[in-house]
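Take a look at the letters that make up each chain.
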Amino acid sequence: MTWFRREKQRLRASESSQILTEGLWIKCDGCRQIIWKKDLEPSWNVCGKCNHHFRLDARTRLRLLLDDEQYTEHDAGLESTDPLNFVDLKPYRERLESAQQATEMHDAVITAEGKMGGRPAMVCAMEYSFIGGSMGCVVGEKITRAIERSIAGRVPLVIVSASGGARMMEGTISLIQMAKISAALARLDEARVPFISVLTDPTTGGVTASFAMLGDLNIAEPGALIGFAGPRVIEQTIRQKLPAGFQRSEFLLEHGMLDAVVPRSELKSFLIRSLGFLSS
């Protein structure tokens, strides 16, 4: 039976090596190359071979944009009360708890205050890993409070969007957030405080239909999917093949829906120059 023992030892060795290497590699959606994840960290998750921009989590995004990676977070403890007691395949409350454990956040946005190029700035960064970055009552409330702080302190506002749209588990309450944030942005505009919207992959649904497209400048990262309905839904509705690159940031820039497409490595310096120009 020694052959059986040897075989079991081989299996254990192969299982342990699988556990050690799992999650350390990633396939690039652009060039299809396998990349060691650690190699992406110095470039803020941008492929060095094809310039494909992988998604960034909200905390990394704040470290990228704010001076010395330092900021003060606001309203961190707000979380949804599940106003509709919603249940589909599983209760919405369970989805919230799972997302909170996975991301160590209470909801899908972080609102933070810090400095950008030495200038005070309010930055809202959305987290796509939290139920698809969907906008519910907490996201709406936190962004609205950030806008009100910007007005009170005359501090420029930057919102980085990464979202599948309104959170339908909260029904009409989630849709109300579109009007609520848009109204707050109108007050920000009346106060003549700059607002720059940064659209990343993906920015869709009710987020695109509200605050994401209301900036004094609307800029996007390369290759970001931006739109209201998804391309498959549109194709099925109009029964036509969509043009190449449809709803990608470069397509939107070409058709006048964006002001600029900015690589991640240049994003902070672009924002600093833009905020300096708008503030003056």
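**Remarks on the packing of helix H4 (residues 137–153) against helix H5 (residues 172–190)**
Thought 1: With their axes 9 Å apart at the nearest point, H4 and H5 run at an angle of 5° to one another. By the angle between their directions, the pair H4 and H5 is classed as roughly parallel. In this structure, H4 contributes Cys137, Gly140, Glu141, Ile143, Thr144, Ile147, Glu148, Ser150 and Ile151 to the contact, and H5 contributes Ile173, Gln177, Lys180, Ile181, Ala184, Leu185, Arg187 and Leu188.
Thought 2: In terms of residue class, the contact of H4 with H5 is made up of nine nonpolar, four polar and four charged.

**With respect to the pattern of salt bridges**
Thought 1: Scanning all chains against the criterion turns up 17 salt bridges.
Thought 2: Of the charged contacts in the structure, one is a salt bridge between Asp75 and Arg149, with a shortest N-O distance of 3.0 Å. Of the two residues, Asp75 sits in the loop between strand S3 (71–74) and helix H3 (92–103) while Arg149 sits in helix H4, which places them 74 residues apart along the sequence.
Thought 3: Residue classification places Asp75 among the buried positions, given a relative accessible area of 16%.
Thought 4: Given a relative accessible area of 27%, Arg149 falls into the partly exposed group.
Thought 5: For Glu221, the salt bridge goes to Arg264, with nearest N and O atoms at 2.8 Å. Here the residue Glu221 occupies a position in the loop between strand S8 (217–220) and helix H7 (231–238), and Arg264 occupies one in helix H9 (residues 264–279), the gap between them amounting to 43 residues.

**Here's the deal with H9**
Thought 1: Here H9 is 16 residues long and its end C-alpha atoms lie 23 Å apart, about the 22 Å a rise of 1.5 Å per residue gives.
Thought 2: Inspection of H9 places Arg264, Leu267, Phe270, Leu271, Ser274 and Leu275 among the buried residues, and these make up the whole buried set.

**Some points on the sheet that holds strand S4 (residues 109–116)**
Thought 1: Strand order across the open sheet formed by seven strands is S3-S4-S5-S6-S7-S8-S9, with mixed pairing between neighbours. Both edges of this open sheet fall to S3 and strand S9 (260–261), since each of them pairs with a single strand only.
Thought 2: Judged from the four bridges that link them, strand S5 (residues 119–126) and strand S6 (residues 157–163) form a sheet pairing that is parallel. Within S6, the position partnered with Ala125 by the bridge is Val160.
Thought 3: Strand contacts of H9: S4, S5, S6, strand S7 (195–203), S8 and S9, with the helix running at about 150° to S7, the strand carrying the most contacts.

**Observations regarding unusual backbone geometry**
Thought 1: With an omega of -10°, the peptide bond between Asp201 and Pro202 qualifies as cis.
Thought 2: Within the element layout of this structure, Pro202 appears in strand S7.
Thought 3: Positive phi, normally seen in glycine, also occurs at Arg32, with a value near 65°.
Thought 4: Its identity is not glycine, yet Asn51 carries a phi of approximately 70°, on the positive side.
Thought 5: Considering the arrangement of structural elements, one finds Asn51 in the loop between strand S2 (34–36) and helix H2 (58–65).
Thought 6: Owing to a relative accessible area of 41%, Asn51 belongs among the partly exposed residues under this scheme.

Conventions and cut-offs
- Residues numbered from 1 in each chain as written.
- Predicted model: local features only at pLDDT ≥ 70, side-chain atom pairs only at ≥ 80, totals over all residues.
- Heavy atoms only, no water.
- Axes fitted to C-alpha atoms, helices over the stretch in contact; angles between N-to-C directions.
- Helix = DSSP H or I, 4+ residues; strand = E, 2+ residues; numbered from the N terminus.
- Parallel < 35°, antiparallel > 145°, perpendicular 65-115°, else oblique.
- Contact = heavy atoms within 4.5 Å.
- Nonpolar A, V, L, I, M, F, W, Y, C, P; charged D, E, K, R; others polar.
- Salt bridge = Lys/Arg side-chain N within 4 Å of Asp/Glu carboxyl O.
- Buried < 20%, exposed > 50% of the residue type's maximum accessible area, 1.4 Å probe, protein only.
- Expected span 1.5 Å × (residues − 1).
- Pairing = 2+ DSSP bridges.

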